[in-house]
Amino acid sequence: MRVLLLGGTTEATALAHAFAAAGIDAIFSYAGRTENPVAQPLPTRLGGYGGINGLADYVIDAKITHVVDATHPFATQISRNAVEACAMTQTPLIAHERSEWLAQPGDNWQHVPDTQTAVAALPANPARIFLAIGKQTLPAFAAQPQHFYLLRLVDAPDAALPVPNAEVILDRGPFTVESDIALMRAHAITHIVAKNSGGIGALAKLEAARCLHLPVILIARPAIPDRPIVRSIPAVMEWLGHSARLGV
Ligand code: 3Y8
Ligand code: NAP
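Residues numbered from 1 in each chain as written. Chains lettered and ligands numbered in written order. Predicted model: local features only at pLDDT ≥ 70, side-chain atom pairs only at ≥ 80, totals over all residues. Heavy atoms only, no water.

The next point concerns the overall build of the chain. For the chain, the helix and strand inventory stands at 7 helices and 12 strands. Computed over the C-alpha atoms, the radius of gyration of the chain is 19 Å, within 12% of the 18 Å expected from 2.2 N^0.38 for a compact globule of 248 residues. Taken over the C-alpha atoms alone, the chain extends approximately 60 × 35 × 30 Å along its principal axes. Residues classed as buried in the chain amount to 47% of the 248 residues present. Sequence-distant contacts, at least 24 apart, represent 65% of the contacts inside the chain between residues at least 6 apart. (Helix = DSSP H or I, 4+ residues; strand = E, 2+ residues; numbered from the N terminus. Rg over C-alpha atoms; globule rule 2.2 N^0.38 Å. Buried < 20%, exposed > 50% of the residue type's maximum accessible area, 1.4 Å probe, protein only. Contact = heavy atoms within 4.5 Å.)

Moving on, we get to the pattern of salt bridges. Summed over all chains, the structure comprises 8 salt bridges. A salt bridge links Asp69 to Arg227, with the shortest nitrogen-to-oxygen separation between them at 3.0 Å. Note that Asp69 is positioned in strand 4 (residues 66-69) and Arg227 in the loop between strand 11 (216-219) and strand 12 (229-230), a separation of 158 residues in sequence. Between Asp180 and Arg152 there is a salt bridge; the shortest N-O distance is 2.7 Å. A residue pair is termed long-range when its members are at least 10 positions apart, and Asp180 in helix 5 (residues 177-186) and Arg152 in strand 8 (residues 148-153) qualify at 28 residues. For the pair shown, Asp180 and Arg152 are each scored as buried. By sharing partners, the salt bridges in this structure join Asp69, Glu97, Arg221, Arg227 and Arg231 into a single network. (Salt bridge = Lys/Arg side-chain N within 4 Å of Asp/Glu carboxyl O.)

As a matter of local geometry, ligand 2 sits amid 21 residues, with Gly7, Ser29, Arg33, Tyr49 and Lys195 nearest to it. At 2.7 Å from an oxygen atom of ligand 2 is found a side-chain nitrogen or oxygen belonging to Arg33. Residue Gly47 places a main-chain N or O atom 3.4 Å away from a nitrogen atom belonging to ligand 2. Among the elements of the structure, strand 2 (26-30) and helix 3 (76-89) are those that each provide at least two residues to the shell around ligand 2. Take the shell around ligand 2: its biggest share by element is 4 residues, from helix 3. For the shell around ligand 2, the per-class residue count stands at 6 nonpolar, 13 polar and 2 charged. (Near = heavy atom within 4 Å. Polar contact = N/O pair within 3.5 Å; in protein donor to acceptor, adjacent residues only side chain to side chain. Nonpolar A, V, L, I, M, F, W, Y, C, P; charged D, E, K, R; others polar.)

Spatially, the 6 strands line up as an open sheet ordered 3-2-1-4-5-12, and their pairing is parallel. With one partner strand each, in any of the chains shown, strand 3 (44-46) and strand 12 form the two edges of the open sheet. Contacting strand 1 (3-6), strand 2, strand 4 and strand 5 (93-96), helix 1 (residues 10-22) runs over the sheet at an angle of about 155° to strand 1. Packed onto the sheet, helix 3 meets strand 1, strand 4 and strand 5 and runs at close to 160° relative to strand 5. (Pairing = 2+ DSSP bridges. Axes fitted to C-alpha atoms, helices over the stretch in contact; angles between N-to-C directions.)

Residues in close proximity to ligand 1 total 30 residues, the closest being Thr13, Ala31, Thr34, Arg172 and Ser197. Within the side chain of Arg98, one N or O atom sits 2.9 Å away from an oxygen atom of ligand 1. Take Gln136: an N or O atom from its side chain is 2.8 Å from an oxygen atom of ligand 1. Coverage of ligand 1 by the protein chains reaches 93% of its 1,100 Å² of free accessible surface. A per-element tally of the shell around ligand 1 places helix 1 first, with 3 residues. In terms of residue class, the shell around ligand 1 is made up of 10 nonpolar, 12 polar and 8 charged. (Areas by Shrake-Rupley, 256 points an atom, 1.4 Å probe, with all protein chains shown as cover.)

A few words now on the sheet that holds strand 10 (residues 191-195). With respect to topology, 6 strands assemble into an open sheet ordered 6-11-10-7-8-9, the strand pairing being parallel. Sheet topology places strand 6 (109-112) and strand 9 (166-170) at the edges, where each strand pairs with a single neighbour. Strand after strand, the sheet turns through a mean of 20° between neighbouring axes, direction not considered.

Bringing helix 6 (residues 204-211) into the picture now. By the burial criterion, the buried members of helix 6 are Ala204, Lys205, Leu206, Ala208 and Ala209. Here the buried face of helix 6 lies against strand 6, strand 7 (128-131), strand 8, helix 5, strand 10 and strand 11. Positive backbone phi, approximately 55°, marks His213, located one or two places after helix 6.

Here we take up the side chain of His66. You can see His66 is positioned in strand 4. A distance of 2.7 Å separates a polar atom in the side chain of His66 from a polar atom in the side chain of Thr65.

Side chains that are nonpolar tend, in soluble globular proteins, to be buried together. In this structure, Phe130, Met184, Ile189 and Ile192 are the most contacted members of the largest nonpolar core, which totals 21 residues. In this view, Ile189 contacts Arg128, Ile129, Phe130, Phe148, Leu150, Met184 and Leu214; residues no more than four positions away in its chain are not counted. (Core = buried A, V, L, I, M, F, W, Y, C linked by side-chain atoms within 4.5 Å.)

Structural data, given as structure tokens:
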């Protein structure tokens, strides 16, 4: 058995530790999107594969027998590619997907389908927005220059920011409720924009928003093609164990 673990999430890191502890022959895969990704206890491959065919070629050349997609729910391209490449190479694929966050009593969430609608949902009058959605979708917010933006990024921006009135915080998470409450208070935040990422690594800001009675504009997950999904690390281990028992 040789597993390709498509990572980049808190759960992928936990899976890597479980694979290493179980002595499973596995390769951890990062897109190479950040400057200093968290070190993994597995041999790690950095960078894209060159689309579906590149991934299929890698699966064959590296003699991969199983693919585990533990990428982020908003990382739709790699997940689509994994579905196609595993079908082409007849390689078993499982996705570890986090459940969506569900509003709790006291939450003030406005659900929007995508980034553009999130921009349109911002108030007309100048406000103070905590944009905790990374940097890939920042340009869309140029349409609303009147606000102050608090941007939390993993790495320092490599180009001018698309919004004139912004402050950058560099942090990679996972985050805590206490630190997110302090951050929002210190910057007199009035609104939060977030992705419905699920999981625990990004949840703190929503819990902080509940404590501070702040509105959240929550961006829904994009669609990903059907594939087998599990919601827990033991379920991934069982899937692999099952396949190993059958000698797949
Ligand atoms: C490169 C690997 C771990 C994994 C940690 C999780 C938790 C912290 C929360 C906020 C939200 C955001 C962002 C976020 C979180 C975890 C997890 C998660 C959100 C790293 C990582 C990589 C990335 C890529 C990065 C994106 C960006 C998104 C920041 C490592 C730290 C906003 C998503 O600068 C860039 O280009 C960053 C790009 C994709 C989204 C975007 O559009 O900008 N993640 N994040 C992975 C790779 O190269 O393959 O550097 O160590 C991983 C983690 N990010 O093991 O501890 O599991 O969700 N990541 C979002 O959820 O909204 C931050 O600030 O509150
Ligand atoms: P994406 O849009 O789905 O993928 C874009 C391209 O990046 C893919 O087609 C692939 O390139 C490459 N890629 C993505 N993930 C990869 C991986 N784990 N290993 C190797 N190549 C990968 O992905 P994204 O949204 O940019 O996310 C990139 C990484 O950040 C992923 O690992 C994801 O788990 C992590 N992450 C993303 C978010 C988010 O909000 N999007 C949040 C937290 C963590 P090729 O086509 O060339 O193969």
